[in-house]
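The residues making up each chain are set out below.
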Amino acid sequence: MKHFKCPECGLPVAEGFTDLAYEVSDTTVTLRNVPAMICANGHSYVDGYVAENANRLVDRVVEDLTSFAKKMPRSSSTPRQIMIAT
Ligand SMILES: [Zn+2]
C-alpha cells in the first residue's frame, strides 16, 4: 500500500475499516467493516474497486428486498434498515 495523505486535512492515513451507509428509497443499507483508509481526524476513503463492489451489492440487496416485500406486505410504514457485516 503506497503512502497516502488525507485530501481533506493532509494527515497520513492508515488502513482500517469503516461503515458505508446507502439510502435507497425508504431503505437504509449499511455495510459494516468495509476496508478503507482512515486519517487521524476520522476521514475515511474507500478504494474505487471496493466502492464499485459495494454499490453493486447494495443494488442487489435492495432489488431482492423489493421483490420479497411485494410478497410480504409490511404492517407499518417505518423505514427499513439493513445491516450487512462483511
Ligand atoms: Zn483527514
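Residues numbered from 1 in each chain as written. Predicted model: local features only at pLDDT ≥ 70, side-chain atom pairs only at ≥ 80, totals over all residues. Heavy atoms only, no water.

Attention now goes to the coordination of the zinc ion. Four donors placed tetrahedrally around a metal ideally meet at 109.5 degrees, and six donors placed octahedrally ideally meet at 90 or 180 degrees. Around the zinc ion, the protein contributes the donor atoms Cys6 (SG), Cys9 (SG), Cys39 (SG) and His43 (ND1), at 1.9 to 2.3 Å from the metal centre. Viewed at the metal, the four donor atoms of the zinc ion are separated by angles of 105 to 117°, and the geometry they form is tetrahedral. Along the chain, the residues donating to the zinc ion are arranged with the sequence spacing C-x2-C-x29-C-x3-H. A relative accessible area of 3% means that cysteine 6 is categorised as buried. (Donors = N, O, S within 2.8 Å, 3.2 Å for Na, K, Ca; no water. Tetrahedral: all angles 85-135°; square planar, octahedral: opposite > 155°, others 65-115°. Buried < 20%, exposed > 50% of the residue type's maximum accessible area, 1.4 Å probe, protein only.)

According to the stated counting rule, one finds two salt bridges in the structure shown. Ionic pairing is found between aspartate 19 and arginine 32, a salt bridge with its closest N-O pair at 3.3 Å. Residue aspartate 19 is found in strand E1 (residues 13-24), and its partner arginine 32 is found in strand E2 (residues 27-39); the two are separated by 13 residues along the sequence. On the basis of relative accessible area, arginine 32 is assigned to the partly exposed category, the value being 35%. Close ionic contact of glutamate 52 with arginine 56 constitutes a salt bridge, the shortest N to O distance being 3.1 Å. Placement of the pair is glutamate 52 and arginine 56 together in helix H1 (residues 48-71), with a separation of four residues, close to one helical turn. On the basis of relative accessible area, glutamate 52 is assigned to the partly exposed category, the value being 47%. (Salt bridge = Lys/Arg side-chain N within 4 Å of Asp/Glu carboxyl O. Helix = DSSP H or I, 4+ residues; strand = E, 2+ residues; numbered from the N terminus.)

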